[in-house]
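# Survey of secondary and tertiary structure
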Amino acid sequence: MTDPSPPRSALFGELARVAKALGNDKRLELVDLLVQRPRGVVELAEAAGLNVTTASAHLQVLKQVGLVAAVRDGTTVRHHIASPDVASLYGRLLAVAAAQSPAVDAAARRYLGSDDTEAVDRDELMRRVEAGQAIVVDVRPAEEYAAGHIPGAISIPMAELADRIGELPADLDVVAYCRGVYCAFSHDAVRLLTAHGFRAFRLSDGILEWKVNGHPLAGDPS
């Protein structure tokens, strides 16, 4: 039998508030950005294609349920995910949505482009690096790399890759990675590298999943 008591209803009401906070495309996008590093509201608004007022309102909803926190850094208020559990929750949401909803897979294909890039998983990446067979390239913006990256990875942001492609060794596999499983940078990087004759692969997920699975980061993830 169900328990219709007010305390039980209140409990599920609070759980629903947390779920509702994530039930918005732009708030999910803000969480996706904050998993990478803390940011001010102006920067978040620009990255998510929002005006500052709207971004502030979305952040307030996320803060009210404890998913996002804020600290003052001089004259700037920097927002960050409240705990590693928030990244884990977001990662599980992505995984469950992909597994249970065909519409998610279809939308991902439309966004990421044709399935023309070869991927390696985290275990294979580490095997190739340890064997001296591969170099790892972080194609996220440099600020995200500085906030925390896969140990040993070099930073060549996607926007700079075409001009810096000569920095990469031609005799090694090049494995590119970016923010997460739905980040387009690594797909675009592999296409560009392959067109220039490199043996290029992308990590099948990204820094989000690397963090969630407890792998160490280099840099300053604070």
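Analysis parameters
Residues numbered from 1 in each chain as written. Predicted model: local features only at pLDDT ≥ 70, side-chain atom pairs only at ≥ 80, totals over all residues. Heavy atoms only, no water. Phe/Tyr/Trp six-rings, centres within 6.5 Å; stacked < 30°, edge-to-face > 60°. Lys NZ or Arg CZ within 6 Å of the ring centre and 35° of its normal. Core = buried A, V, L, I, M, F, W, Y, C linked by side-chain atoms within 4.5 Å. Buried < 20%, exposed > 50% of the residue type's maximum accessible area, 1.4 Å probe, protein only. Helix = DSSP H or I, 4+ residues; strand = E, 2+ residues; numbered from the N terminus. Contact = heavy atoms within 4.5 Å. Pairing = 2+ DSSP bridges.

## Some details on the packing of aromatic side chains
Under the definition given, this model contains 0 aromatic pairs. A cation over a ring is seen here: arginine 128 above phenylalanine 201, with NZ or CZ 4.5 Å from the ring centre.

## With respect to the nonpolar core
Within the largest apolar cluster, 24 residues are counted, with the highest numbers of intra-cluster contacts made by Val35, Leu59, Leu62 and Leu67. The set of elements that each furnish at least two residues to this core consists of helix H2 (25-36), helix H3 (41-48), helix H4 (52-64) and helix H5 (84-100). With 5 residues, H2 is the largest single contributor of residues to this core. Beyond its immediate chain neighbours, meaning those up to four positions away, leucine 59 contacts Leu30, Leu34, Val41, Leu44, Val68 and His79. Within the second largest apolar cluster, 17 residues are counted, among which are Met158, Val190, Leu193 and Ala200.

## Quick word on the pairing of strand E5 (residues 134-138)
Summarising burial for E5: 5 of the 5 residues are buried, a large majority. Taking every second residue as pointing to the same face, both faces of E5 are buried, with Ala134, Val136 and Asp138 on one and Ile135 and Val137 on the other. The pairing of E5 with strand E7 (residues 173-178) spans 5 bridges and is parallel. When the sheet's bridge partners are listed, alanine 134 is paired in E7 with aspartate 173.

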